[in-house]
Amino acid sequence: MGGHRLLPGLFVLVVLVLVLVALVTLRDGAARATPPAEPTLLPESVELLQTADPSTDPADVASSDQWQRRTLPLNLGLTGDTVWLRVAFEGPNEASGQPWVLHLDNASLNRADLWLYEEDEAPARVHYRTGQRYPFSERPIEDSAFAFPLALKPETAYRAYLRVETHAHMRIPLTLMPMDAYINERLTHRIIQGAYFGLMLVIALASLVIFFSIRDRAYLYYFGFILTTGLWFFIRQGFAEQYLWPDWPWWSDRAYIVMMAAGAGMSVLFTREFLSLRTCHPPLFRIMTVLLWVWGIMALYALFVPSITTLKLISVILLIGGSLLLYSGIAAWHKGILEARFYVFAWTIIIIGAIALMLSHMALLPGDNRPFLVFQIGSALEGFLLSIGLAMRLNMAMRARAEAEHEALEMTAHLQRQTIEDQKRHAAELESHVEERTLELRQTMEQLASANEELEQLSIVDPLTGVYNRRHLTSQLHREWKRACREQVPLSMIMMDIDYFKLLNDTYGHMAGDRCLVELAKLLQEEVQRTSDILARFGGEEFVIVLPNTAIAGAEHLAERIRSRAEAHRVETENHRLAFTLSLGVASQIPGPGSDAEELVRRSDNALYEAKEAGRNRVVVAHELPS
């Protein structure tokens, strides 16, 4: 029953986490989509040559008739061919005093060579060589991705040849930007990735601590799964080569595929233990054991035979193995393993992300980072959901232990009553023992009650503004509706939102938008004085006030006062002093038989819509209905 009470609050928390992660991702995408200080110098399309010829001299391929015109960013999927790009562009209009950077945002390339020619020169003006097969110290710019500094002359024609090889995904997202724009973009990227890896590290360490506390191997295997998954993403972003093994090109060339197989193997180990497959479903346990051996063999194979064929084989096994893991979760859920529901939800999310990544590997999606970001977001949500499942597992273990202790105490008391005449000398000791255990049990129950109360409070309060959330509003609105119907008194509602809030977010950033929401919530709390009134965040920038036993005139007066205060209010941020206005819809109704509270919500929302259509920054009152 405790698991059923936990689910509603869980889904609210999952939605909040998803929104926060999506906002961060959109911010990252916006930062990457922002054009540099000067217009980009690269054309929208480049010339592409895909060949099995291992030649490393541009002169050998320049005259080939196989060149094709393609649009950036390029996605060629899983291919072992050598790929050449030929790009013609002109230097900046004027000297900027800083170098330009050609950014190749794919850290999984084994080799990348760049030749830069001025149009009238025969020898290459610049030749860079980099990639995973070379030490990190040889990179032109010491960064997790590949970047080439270029000193470009104003209004000069250039021709660049780029040669790339990889045992992984052949993506070529190519941008050319000034050095300061490149530094700003990489800083934003590192902040976001640092938050993700920090979250994964905290989850992994917490699991390890719990394992040493209760010796449940599920927490040890979960630690290994989170660690290998996080390390795979660390390798995929190029940070491992920069910080962990900068002078070990042999391992850098293999780590991406090996760690993918290792992470998959740890997921099998965790699944077997977490879902108790050995006892609840022995056939599946044996299948998981075979799959575990397969992943061990693939990890060793990838260590000695890194190739695109190995990655393709691992991708196929991943799809089959992932489906088996999801089926195992569903089977365990059907068998009554309560924590299996969290496993199913988590694995469904990660499979959605994996599908996006596989579609990118098949060259069915563009060559930018969005499919990988979807997979990374899915892994964070998976880690969050599985942590909840493990917390539930721990809670059930503690409850079972408490029940066992309680039963032992009852049996001890029963034996004491049967043999009281023969054990009078031990009566005092046994009585003290019973009191101690009873006290521990009472303290445990009090702690559980306190934890449940805190969880209930978290599930009804909006974490950003501190006011009630929509879930609490819905339950309280139906209660007040029934009361107003019994007593035949009016129930009023004010629905409002911030005008042009999306424009405010786009102009000043989401942090400024959040600051405006917090300031508005404080203003509304000052205006809503009665304890019976309900103030809640309805969603996004919308707030709702429910006014029991209040006629339409009183509600309209309060709405106008709020509108006036909001118009005069100023929000101080780090760099700006912001102003905003409100549009408000007011509705009132004396509930009658056959009516429901949703009617009052619809009328308030329609009035709000009329306020928007009439020019915003105003109060519109819905027509009254007969009682």
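Source: prediction; values computed, not measured.

1. Quick word on helix H8 (residues 282-304)
End to end, H8 covers 34 Å across 23 residues, agreeing with the expected 33 Å (1.5 Å per residue, within 8%). Where H8 is buried, its residues touch helix H6 (249-274), helix H7 (277-280) and helix H9 (308-334).

2. Remarks on the sheet that holds strand S4 (residues 82-90)
Spatial strand order, S2-S1-S4-S9-S6-S7: 6 strands in an open sheet with antiparallel pairing. Edge positions in the open sheet fall to strand S2 (68-71) and strand S7 (126-130), since each of these has one partner strand only. Within the sheet, the average angular offset between the axes of one strand and its neighbour, ignoring direction, is 25 degrees.

3. Details of the packing of aromatic side chains
Scanning the entire structure with this criterion turns up 22 aromatic pairs. For the pair Phe89 and Tyr158, a centre-to-centre distance of 5.7 Å together with 25 degrees between the ring planes defines the contact as stacked. Taken together, the residues span a long stretch of sequence, with Phe89 in strand S4 and Tyr158 in strand S9 (residues 157-165) at a distance of 69 residues. Assigned by exposure class, Phe89 and Tyr158 land together as buried. The rings of Tyr196, Phe197, Trp232, Phe233, Phe234, Phe239, Tyr243 and Tyr256 are connected pair by pair, giving a single aromatic cluster. Above the plane of the ring of Trp67 lies Arg86, whose end atom (NZ or CZ) is 4.1 Å from the centre. Between Arg616 and the ring centre of Tyr500, over which it is positioned, the NZ or CZ distance is 4.4 Å.

4. Quick notes on the packing of H6 against H9
The relative placement of two packed helices comes down to the angle between their axes together with the axis-to-axis distance. Their axes nearest at 11 Å, the elements H6 and H9 cross at an angle of 15 degrees. One element, H6, and the other, H9, form an angle in the roughly parallel class. As H6 runs across H9, the sense of the crossing is left-handed. Facing H6, whose interface residues are Tyr256, Ile257, Met260, Ala261, Ala264, Ser267, Val268 and Thr271, H9 presents Thr310, Leu311, Ile314, Leu318, Leu325 and Ser328. Residues that form the contact of H6 with H9 fall into these classes: 10 nonpolar, 4 polar and no charged.

5. A few points about the pairing of strand S6 (residues 111-118)
With 8 of 8 residues buried, S6 is to be regarded as a mostly interior element. Going residue by residue along S6, you find Arg111, Asp113, Trp115 and Tyr117 tucked away on one face and Ala112, Leu114, Leu116 and Glu118 tucked away on the opposite face as well. Relative to S9, S6 runs antiparallel, the two sharing 8 bridges. Counterpart to Ala112 in the pairing with S9 is Val164. In this sheet, S7 lies alongside S6 in antiparallel orientation, the contact comprising 5 bridges. Across the sheet, Ala112 pairs through a bridge with Thr130, a residue of S7.

6. A short note on the sheet that holds strand S5 (residues 100-104)
Pairing between the strands of a sheet is mediated by backbone hydrogen bonds and can be parallel or antiparallel. The 3 strands are arranged S8-S5-S11 in an open sheet whose pairing can be described as antiparallel. The strands lining the two open edges of the sheet, one partner per strand, are strand S8 (146-150) and strand S11 (174-178). Each adjacent strand pair in this sheet contributes to an overall mean axis angle of 20 degrees, direction not counted. Of the pairings in the sheet, the one linking S5 to S11 comprises 5 bridges and is antiparallel in character.

Quick notes on the rules
Residues numbered from 1 in each chain as written. Predicted model: local features only at pLDDT ≥ 70, side-chain atom pairs only at ≥ 80, totals over all residues. Heavy atoms only, no water. Helix = DSSP H or I, 4+ residues; strand = E, 2+ residues; numbered from the N terminus. Expected span 1.5 Å × (residues − 1). Contact = heavy atoms within 4.5 Å. Pairing = 2+ DSSP bridges. Axes fitted to C-alpha atoms, helices over the stretch in contact; angles between N-to-C directions. Phe/Tyr/Trp six-rings, centres within 6.5 Å; stacked < 30°, edge-to-face > 60°. Buried < 20%, exposed > 50% of the residue type's maximum accessible area, 1.4 Å probe, protein only. Lys NZ or Arg CZ within 6 Å of the ring centre and 35° of its normal. Parallel < 35°, antiparallel > 145°, perpendicular 65-115°, else oblique. Left-handed = near helix turned anticlockwise from the far one by under 90°. Nonpolar A, V, L, I, M, F, W, Y, C, P; charged D, E, K, R; others polar.

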